[in-house]
Amino acid sequence: MTFDPIDKQKNLFPTSSGNNESLLILLNRTSEIICKWFSDAEKLGPIPIDINFECSVPGEYGKSADDLFSEIESLIYSSFNPVHPGSLAHLDPPPLIISILGDLIAAGLNNNLLAHELSPSISLLEESICKWFSKKLGFSNLAGGVAASGGTLSNLNALVAARNHAGLETDPKAVYLISEDAHSSFVKCTRIMGLDRNNLIKVKTDNNGCMDMIELKKTIDKCFKEAKRIFAIVATVGTTIRGAIDPIENISRICNEKNIWLHIDGSIGGIFSITNIPINGINNLNLANSITINPQKILGITKTSSILIVSNIEFLINTFSTGLPYVSTENDVINRGELGIQGSRPAEIIKLWLGLRFLGMRGIENVLNSSIERRKFFENNLNLEKYDLLSGPLHIISFLPKGMNINETDSWTLNKRISLMKKNFMISRPLFKNRYYLRAVLGNYNTSESNINDLLKLLN
Ligand SMILES: Cc1ncc(COP(=O)(O)O)c(C=O)c1O
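The rules behind the values
- Residues numbered from 1 in each chain as written.
- Predicted model: local features only at pLDDT ≥ 70, side-chain atom pairs only at ≥ 80, totals over all residues.
- Pairing = 2+ DSSP bridges.
- Helix = DSSP H or I, 4+ residues; strand = E, 2+ residues; numbered from the N terminus.
- Axes fitted to C-alpha atoms, helices over the stretch in contact; angles between N-to-C directions.
- Contact = placed C-beta atoms within 7 Å.
- Parallel < 35°, antiparallel > 145°, perpendicular 65-115°, else oblique.
- Left-handed = near helix turned anticlockwise from the far one by under 90°.
- Buried ≥ 20, exposed ≤ 12 C-beta atoms within 10 Å, placed from the backbone.

**Description of the sheet that holds strand 12 (residues 438–441)**
Here is step 1 of the chain: With antiparallel pairing, the three strands of this open sheet are ordered in space as 8-9-12. Taken across any chain shown, the strands that pair with only one partner, and hence form the sheet edges, are strand 8 (387–391) and strand 12. Neighbour to neighbour, the strand axes of the sheet diverge by 25° on average, direction disregarded.

**Brief notes about the sheet that holds strand 2 (residues 174–179)**
Here is step 1 of the chain: Here we have seven strands laid out as an open sheet, ordered 1-7-6-5-4-2-3, and mixed in their pairing. The open sheet has two edge strands with one neighbour each: strand 1 (144–148) and strand 3 (200–203). In this sheet, adjacent strand axes meet at a mean angle of 20° when their direction is disregarded.
Here is step 2 of the chain: In the sheet, strand 2 pairs with strand 4 (residues 229–236) via four bridges, with the strands oriented parallel. From the neighbouring strand, Ala 174 faces strand 4, where its bridge partner is Arg 229.
Here is step 3 of the chain: Seen against the sheet, helix 4 (residues 120–137) touches strand 1, strand 6 (290–293) and strand 7 (306–310) and runs at an angle of roughly 120° to strand 1.
Here is step 4 of the chain: Helix 5 (residues 151–165) rests against strand 1, strand 2, strand 4, strand 5 (261–266), strand 6 and strand 7 of the sheet, and its axis sits at about 25° to strand 7.

**Examining the packing of helix 5 against helix 6 (residues 185–192)**
What describes two packed helices is the angle between their axes and the distance between those same axes.
Here is step 1 of the chain: Remark: helix 5 packs on helix 6, axes separated minimally by 10 Å, with the N-to-C direction vectors making an angle of 45°. The orientation of helix 5 with respect to helix 6, classified from their angle, is oblique. Crossing of helix 5 against helix 6: the hand is right-handed. Along the contact surface, helix 5 presents Thr 152, Asn 155, Leu 156 and Leu 159, while helix 6 presents Ser 185, Phe 186, Lys 188, Cys 189 and Ile 192.

**Topic: the environment of Ala 89**
Here is step 1 of the chain: Within the secondary structure, Ala 89 sits in the loop between helix 2 (65–76) and helix 3 (97–109).
Here is step 2 of the chain: On the basis of neighbour count, Ala 89 is assigned to the buried category, with 24 C-beta atoms found within 10 Å.
Here is step 3 of the chain: Sequence separation of Ala 89 and Lys 258 is 169 residues, and the distance between their C-alpha atoms is 40 Å.
Here is step 4 of the chain: Setting aside chain neighbours within four positions, we find Ala 89 in contact with Met 426, Ile 427, Ser 428 and Val 441.

So this is what it looks like as structure tokens:
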């Protein structure tokens with residue numbers, strides 16, 4: 001057994017004694033490859049036609065960096081490229097350049113948001129950014145939040161806290177309500193919480209894809225009659241298929257009357273509420289007990305970036321705190337791995353912080369507004385004699401040719417998606433209420449009016 005390096009020529013870790021020259025060389029080389037890949041997007045398209053990547057597994061001895069670089073390049077050149085202007089399929093916009101740095105810094109620091117002593121400045125940063133969001137949303141000083149790796153996890157953190165707050169942790173009669181257009185990940189949340197599909201109750205939506213208030217009242221009455229115990233109602237601000245916004249004030253009124261936790265899944269639209277952009281229905285989000293904001297989906301903060309804000313931080317402490325007995329903790333310090341389901345956590349907050357600082361409120365509004373403008377342009381110029389639309393006030397639009405039966409739309413959407421892909425336009429084909437649609441998500445800052453015109457020519 002020896003403590004000596006296995007290969008003296010190769011630095012395995014950054015060193016505290018040298019100048020880390022070899023790491024610098026690797027970082028520069030990587031930056032060059034990634035930047036070249038960005039520039040090549042135009043000719044390569046949103047996803048490569050031939051995936052040349054072959055996954056090689058570790059051998060007995062390590063490889064040289066040079067060997068690895070050819071593999072890294074092949075991995076990169078076989079990837080989906082969100083920077084391409086025709087990349088319009090999902091909620092995966094191009095990465096904001098400063099947040100790429102944020103990821104690099106987080107990796108270099110390798111701090112851990114589990115405990116204050118493992119991330120002193122970043123714990124403070126996360127707390128401050130969550131407080132900033134809380135204030136912008138209009139919550140009181142008691143509010144706070146926690147970051148999590150994605151919208152699903154932020155929603156799950158909220159639901160677990162809501163159930164705990166209602167004292168229904170082990171009650172099989174505990175149920176929660178979502179609209180029928182809410183995100184599919186609530187099915188997963190339900191399973192993780194040890195519940196089954198009878199505990200997840202879907203409320204019908206109206207013609208605009210918003211939770212229907214009459215249906216909500218009926219559903220609640222039915223739950224009470226059946227002695228079910230509602231621990232939360234989830235309102236969606238920005239549904240996945242059409243960007244619809246549930247009526248927050250009306251739902252909140254009902255929640256208040258019945259003493260039910262209101263959670264807002266603002267994964268898509270929540271970020272708008274910190275700006276002055278006027279969007280119908282995106283106001284008074286502070287009526288909620290908790291809200292998920294997921295800036296990876298539209299602002300371009302690199303994945304993953306999601307935060308949950310709660311109206312009172314005690315909700316999270318009461319639900320998730322274990323005491324973390326193996327960590328030394330000063331009295332007034334919160335270990336942020338004790339505020340949610342994740343224990344060890346990367347410093348994802350750095351890229352969000354840098355992104356927000358880099359853009360400023362003007363830049364944030366510009367990025368968000370441009371998405372809405374692109375959707376309006378697309379919508380206004382799509383041939384409405386030919387298509388039926390599903391859309392809302394945000395940047396998502398789903399559509400189908402008029403008058404086709406289900407079989408016809410199945411094959412039309414399939415073939416159209418393939419033919420658009422050949423022209424370097426990647427849009428999605430979601431299954432919604434048993435029918436396939438085509439969906440454009442217009443959150444790509446690189447997509448110009450002329451790109452959209454080219455897409456429209458292929459559709460109209
Ligand atoms: C409305 C909504 N909520 C939640 C999610 C899940 O987010 P994530 O994929 O970051 O876990 C999505 C994903 O698209 C979504 O559209």
